[in-house]
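Here's the letter readout for the chains.
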Amino acid sequence: MIERRTPSRLLFLYANYIFLALFSLTCLFPIIHMAAMSLSSNAAVTAGWVTVWPVGFNLDSYKYIFSNHIFMNTVGVSFQRLILGVLLSLSLTVLAAYPLSKSNLKFRSRSVYSWFFVVTMIFNGGLIPTFMVVKETGLMDSIWALVLPSAVNVFNIVLMLNFFRTQPAELEESAQMDGAGAWRTLWSIYLPISKPSLATIALFTIIFHWNSWFDGMIYMNSPSHYPLQTYLRTVIVARDLTNMNANDLSLIANISNRTVLAAQLFVSMLPVLCIYPFLQKYFVKGLVLGSVKG
């Protein structure tokens, strides 16, 4: 059936398009303004002349960030943490959610194991016990200190568990009739239709690991082992001159805190901005997909 576009309908569509366009511009303006500040001179930023276009164009802020070789090491640590953290979190989330999504008849101890996860959402040991566990297990100053303590997120398990529960029971029954076991059913039946949920959990995990900085400060002893956010916080916010070389100190005269912070934020958000478009198509489909028709 072809939709009939009356004048009132066209007026609504045009008004809707204009509103969404203006709303999109308001969301993009802070990013564009931040990029313009990072490419502007110190005097222009201090005078408040920068809006959406660089004034006194220069790359000194980015030279300051990239001049120290420790920065490249921290970028490598962040990407290593990102890859290990996402893979480990997705694996543990699926392996925990799949059996917990079964009924008590199929998994008699399901309630007992569920309470183990629920209790961790209500009660937390705190920073000191967590630090002692990491220290006593020999994880200090290693990449695993940034990955293992946050490998299991109960909220993500609940999301995945609810997704598995909404799937028709005929899927698993048909797989069992064909001789598939639990592992085969999970790998060949449930995971292929779980892409929206997996993409959502992956995006949550990516944002968490990329933006984390506090655990790097308490678990890492060497600046070369810091993740990117921890390093940037140390050299910019704390102004730790021990991590700066002669070129860094010479560049400081041509930049300011505002220009460097703008460059820091812009560089930090680039990976997430690049990853999100590839995951967006799974959000459009929704978190729950039906797979039995007819």
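A brief structural summary.

Rules and cut-offs
- Residues numbered from 1 in each chain as written.
- Predicted model: local features only at pLDDT ≥ 70, side-chain atom pairs only at ≥ 80, totals over all residues.
- Heavy atoms only, no water.
- 1 Å grid on protein atoms, 1.4 Å probe; cavity = no way out; pocket = protein on both sides within 12 Å on 5 of 7 lines; lining within 4 Å.
- Points joined across faces, edges and corners; volume = space filled by probe spheres on them.
- Helix = DSSP H or I, 4+ residues; strand = E, 2+ residues; numbered from the N terminus.
- Nonpolar A, V, L, I, M, F, W, Y, C, P; charged D, E, K, R; others polar.
- Patch = residues over 30% accessible without salt bridge, like charges linked within 9 Å, V, L, I, M, F, W, Y side chains within 5 Å.
- Areas by Shrake-Rupley, 256 points an atom, 1.4 Å probe, with all protein chains shown as cover.
- Salt bridge = Lys/Arg side-chain N within 4 Å of Asp/Glu carboxyl O.
- Buried < 20%, exposed > 50% of the residue type's maximum accessible area, 1.4 Å probe, protein only.

As a volume, the largest pocket reaches approximately 750 Å³. Along the wall of the largest pocket there are 27 residues; nearest its centre are Asn124, Pro149, Ser150, Val152 and Phe208. Elements with a minimum of two residues in the lining of the largest pocket: α4 (69–100), α5 (110–122), α6 (127–136), α7 (144–147), α8 (154–166), α11 (195–211) and α12 (214–219). Tallying contributions element by element places α12 first for the lining of the largest pocket, with 4 residues. Of the residues that constitute the lining of the largest pocket, the class distribution is 14 nonpolar, 11 polar and 2 charged. One number sums up the size of the second largest pocket: a volume of about 240 Å³.

Both trends apply: most residues other than glycine have a negative phi, and most peptide bonds are in trans. Phi at Asp141 is positive, roughly 60 degrees, even though this residue is not glycine. Mapped onto the elements of the fold, Asp141 is located in the loop between α6 and α7.

Our focus in this paragraph is a nonpolar patch on the surface. A cluster of nonpolar residues, Ile18, Leu22, Leu25, Leu28, Phe29, Ile32, Val52 and Trp53, forms a patch on the protein surface that exposes about 840 Å² of accessible area. Checked against the element boundaries, Ile18 lands in helix α1 (residues 7–38). Residue Ile18 is classed as exposed on the basis of its relative accessible area, which comes to 53%.

Moving on, we come to the pattern of salt bridges. Evaluation of the coordinates by the stated rule reveals 3 salt bridges. Across the pair Arg81 and Asp215 runs a salt bridge whose closest N-O atoms are separated by 2.6 Å. Here Arg81 is found in helix α4, whereas its partner Asp215 is found in helix α12, with 134 residues between them in sequence. In this pair, the class of Arg81 matches that of Asp215, namely buried. Close ionic contact of Lys106 with Glu172 constitutes a salt bridge, the shortest N to O distance being 3.8 Å. You can see Lys106 sitting in the loop between α4 and α5 and its partner Glu172 sitting in helix α9 (residues 169–177), a full 66 residues away along the chain. A relative accessible area of 56% places Lys106 in the exposed class.

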